[in-house]
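Chain residues, written in single-letter form:
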Amino acid sequence: MNVELPFAPVDTIIRRNAGDLRVSADASRELATRIQEHGSELAIDAAERATADGRKTLMAADFEVETVIDKDDLELPVAPVDRIARLEIDDRYRVAMDARIALADILEDYADNVARAAAILAHHADRRTIIDDDIETYFSLFE
């Protein structure tokens, strides 16, 4: 699978949750892949909501977001999130800008939660680096 999300912003999200721990490139790659999978699943659900409402355009409400934050407050870039949203939905759908920002916000919160847990797992393993195994362990334990 081709990962649409650049690793640098994902690395930044992990680092803001890592404290004094280092972050491996593999951890950033693994989390970027998981973010993409989650975003794609959310877009499928949003497309079903839009279809039920007789629309072809996904809106923030389709992602169950009432208030859309300013995109400048996000670490994740909106353009790759838009591509993630379109990965598994039909080409007839459009994704409104507020929906892209809403999805980016949801995915960033998701990444923060995973990164916090990965930091705890790395500390528990008495390592100084968050690695991809920490990300994978989180998902094997909590999803």
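Remember, predicted model here, so these are calculated numbers, not experimental data. (Residues numbered from 1 in each chain as written. Predicted model: local features only at pLDDT ≥ 70, side-chain atom pairs only at ≥ 80, totals over all residues. Heavy atoms only, no water.)

Under the defined criterion, the tally for this structure stands at 13 salt bridges. A salt bridge links Arg83 to Glu4, with the shortest nitrogen-to-oxygen separation between them at 2.9 Å. Residue Arg83 is found in helix α3 (residues 78-86), and its partner Glu4 is found in the segment before α1 (7-18); the two are separated by 79 residues along the sequence. Arg83 sits in the partly exposed class, given a relative accessible area of 39%. (Salt bridge = Lys/Arg side-chain N within 4 Å of Asp/Glu carboxyl O. Helix = DSSP H or I, 4+ residues; strand = E, 2+ residues; numbered from the N terminus. Buried < 20%, exposed > 50% of the residue type's maximum accessible area, 1.4 Å probe, protein only.)

Turning our attention to the UniProt feature "domain: Transcription factor CBF/NF-Y/archaeal histone" (unreviewed entry) in the protein. Per the UniProt record, "domain: Transcription factor CBF/NF-Y/archaeal histone" (unreviewed entry) is found at residues 4-62 and 75-136. Between the C-alpha atoms that bound residues 4-62 there is a distance of 22 Å. The span itself is 68% helix and 7% strand. Helix makes up 68% of residues 75-136 and strand 6%. Its end C-alpha atoms lie 22 Å apart. (UniProt positions renumbered as here; feature names shortened; annotations may be inferred.)

Contact geometry for helix α2 (residues 25-52) and helix α4 (residues 97-124): axes closest at 10 Å, N-to-C directions at 135°. With respect to α4, the axis of α2 lies oblique. Classified by chirality, the crossing of α4 by α2 is right-handed. Residues Leu31, Arg34, Ile35, His38, Gly39 and Leu42 of α2 lie in contact with α4, whose contacting residues are Leu103, Ile106, Leu107, Tyr110, Ala111 and Val114. Of the residues in the contact of α2 with α4, the class split is nine nonpolar, two polar and one charged. (Axes fitted to C-alpha atoms, helices over the stretch in contact; angles between N-to-C directions. Parallel < 35°, antiparallel > 145°, perpendicular 65-115°, else oblique. Left-handed = near helix turned anticlockwise from the far one by under 90°. Contact = heavy atoms within 4.5 Å. Nonpolar A, V, L, I, M, F, W, Y, C, P; charged D, E, K, R; others polar.)

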